[in-house]
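What follows is the residue order along each chain.
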Amino acid sequence: MNIKYLLAAAALLLSASVFAQDAELLTVTPEEDNMTVSIAGFDIKLGPSEGSGSSRHGIYTEARGFSPVNLGLTTFMGSEETPDIRIPRSWYLSADIASFGIHGRAKFSPFFDTGIRLSHYNYRLNDGRAFTITENGVPAFIDGPVYDKSKFKLTYLGVPVTLGMRLGHDFKISATASFDILVDARNKVKAPKIKTQLYDLNPYRTSVELAIHGKDCGIFVNYGLTSIFKESSGLDAHTLSIGIRLLD
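Source: prediction; values computed, not measured.

Draft legend 1. Seen up close, unusual backbone geometry. P68 follows S67 through a cis peptide bond whose omega is 0 degrees. For P68, the position within the fold is in the loop between β4 (59-64) and β5 (69-78). With omega at -10 degrees, the peptide bond leading from A191 into P192 counts as cis. Although it is not a glycine, F108 adopts a positive phi angle of roughly 65 degrees. On the secondary structure map, F108 appears in the loop between β6 (91-104) and β7 (110-124). With a phi close to 60 degrees, D200 is a non-glycine residue in the positive phi region.

Structure representation (structure tokens):
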């Protein structure tokens, strides 16, 4: 099986609990030459790229599925009152589940991409920590037994807009701005087994991203411009993620 679809399946499985509540929210028909992504009843068909010609000049359009994929470490930037996390065990994964682009073939030609992005943040809390969110959007730590492997999970669905420059045949540099909607937030504890749905968080998120990448691999830095907590909470917590970019 193509590695692209293996990574795509991993991205979807990580957020399966979100979409299980509404089976029609996101469905995928994984045909390699004619993939269809259905989101809330709207179908997006992804056929083969139109840029496969041999010409080295001009522009071409390109439609893709589950590309690119970003995988890396993540942390919070901002208020000291944000939940204490373990950075090496906190990670970020995103996949552009459907994307459309206009690209130039020549060296130093610009390109444009947009689409639909699924982003997942998995923050590992320090030992003995579990929490909920108050009606003001403030994290409230739960007293009780020692909690084992407590995680703060956030999942977003958004629209990225990318502008970039081709520096070589396969080498590119790009900048992305994204507007995301929070579709799931929870605190999950392994022992004792607890899943707490978290409400009263900031329902929207905007972010910027810089990436340098080749055809199959690169690096990225993603920063959240808006806090994950509501302004009324008094907490200013921005996401910062750094890692590798795949399948671009």
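Draft legend 2. Highlighting the nonpolar core. Counting 21 residues, the largest nonpolar core has F152, L154, L201 and I228 as the members making the most contacts within it. Mapped by element, the contributors of at least two residues to this core are β7, β8 (131-133), β10 (148-166) and β11 (172-191). A per-element tally of this core places β10 first, with three residues. If we ignore the near neighbours within four places in the chain, the residues touching L154 are S119, H120, Y121, Y123, L182, D184, A185, L201 and I228.

Draft legend 3. Representation of the pattern of salt bridges. In the structure shown here, the tally under the stated rule is seven salt bridges. Close ionic contact of E209 with R117 constitutes a salt bridge, the shortest N to O distance being 3.1 Å. In this pair, E209 is assigned in strand β13 (residues 204-213) and R117 in strand β7, connecting sequence segments 92 residues apart. Overall, R117 belongs to the buried group, its relative accessible area being 3%. One continuous salt-bridge network, built from bridges that share partners, spans D96, R117, E209 and R245.

Rules of the game
- Residues numbered from 1 in each chain as written.
- Predicted model: local features only at pLDDT ≥ 70, side-chain atom pairs only at ≥ 80, totals over all residues.
- Heavy atoms only, no water.
- Helix = DSSP H or I, 4+ residues; strand = E, 2+ residues; numbered from the N terminus.
- Core = buried A, V, L, I, M, F, W, Y, C linked by side-chain atoms within 4.5 Å.
- Buried < 20%, exposed > 50% of the residue type's maximum accessible area, 1.4 Å probe, protein only.
- Contact = heavy atoms within 4.5 Å.
- Salt bridge = Lys/Arg side-chain N within 4 Å of Asp/Glu carboxyl O.

These values are about where atoms sit, not about what they do.
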